[in-house]
Amino acid sequence: MNLKKQLVCGLSGLIFSAVMASSAMAAGVAQFNDKGELLLPQDYREWVMVGTQVTPNELNDGKAPFTEIRTVYVDPDSYAHWKKTGEFREGAMTVKELVSVGDRKGPGSGNGYFMGDYIGLEASVKDSQRFPDEPGNWAFYIFYVPDSPLVTAAKHHPTAECAACHKDNAATDMVFTQFYPVLRAAKETGESGVVAPK
Ligand code: HEC
């Protein structure tokens, strides 16, 4: 190979590595604006729903610390990675919807806690490049709380208010997988989680 060819090959190798490095940094679905705020993903309801929790006010002296029915979604590529490895990949993102309890009388299905109105929307993103100093490299966000408008770009929420409880209590890498049967069932199986949770 002559010098010119060597140079061209070397340069294209460099460019290739630079492109790969920048795409590795951008891995994941999370998008940020130039102020570093997380953009609300418009399609999160097409992600994988991994679990739902209910802490009704009436079991909590009239006011549950966390209102009331909560549903958690994980982005599809991170779910695929979890299925293979049992780990949350770089760029993993979760979204949690909070819903009030509406009706308590079921139409023939029995009394219970039926979903009412949307009252909250939160998210978390794992990114070691962007959040090297956060516990587990996770950052937490709030898009919606009652009596405020929904925001489509959310500020990074203070670590002390969110991450500490996750760090102390969540089963896997600060995510509450102990409450997500879909993740437990699919963990390291490569399957879609239609098997009983481990
Ligand atoms: C006192 C403990 C505690 C605190 C503080 C807390 N969380 Fe959580 N979080 C939970 C629990 C428990 C779950 C499991 C699902 C559920 O019950 O809501 C959870 C689940 C989540 C999830 C779904 C993914 C996961 O990690 O399991 C998101 C997103 C989330 N919380 C965001 C937040 C944000 C944003 C804050 C701060 C404003 C926050 N959390 C503060 C306990 C906490």
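The protein is annotated in an unreviewed UniProt entry as Cytochrome P460 domain-containing protein from Nitrosomonas stercoris.

Moving on, we come to the pairing of strand S5 (residues 115-126). As defined by bridge partners, strand S4 (residues 93-101) adjoins S5 across 8 bridges and the pair is classed as antiparallel. Of the residues in S5, the one forming a bridge with Val101 is Met115. Across 6 bridges, the pairing between S5 and strand S6 (residues 138-144) is antiparallel. Residue pairing across strands places Glu122 opposite Ile142, the latter belonging to S6.

To continue, consider the site of the ligand. Around the ligand lies a shell of 21 residues, among which Gln53, Phe140, Cys162, Cys165 and Phe176 are the nearest. Counting only elements with at least two residues in the shell around the ligand, the list comes to strand S3 (69-74), S4, S5, S6 and helix H3 (159-169). At 4 residues, the largest contribution of residues to the shell around the ligand is made by H3. In the shell around the ligand, the residues fall into 12 nonpolar, 5 polar and 4 charged.

So, how was this worked out
Residues numbered from 1 in each chain as written. Predicted model: local features only at pLDDT ≥ 70, side-chain atom pairs only at ≥ 80, totals over all residues. Pairing = 2+ DSSP bridges. Helix = DSSP H or I, 4+ residues; strand = E, 2+ residues; numbered from the N terminus. Near = placed C-beta within 6 Å. Nonpolar A, V, L, I, M, F, W, Y, C, P; charged D, E, K, R; others polar.

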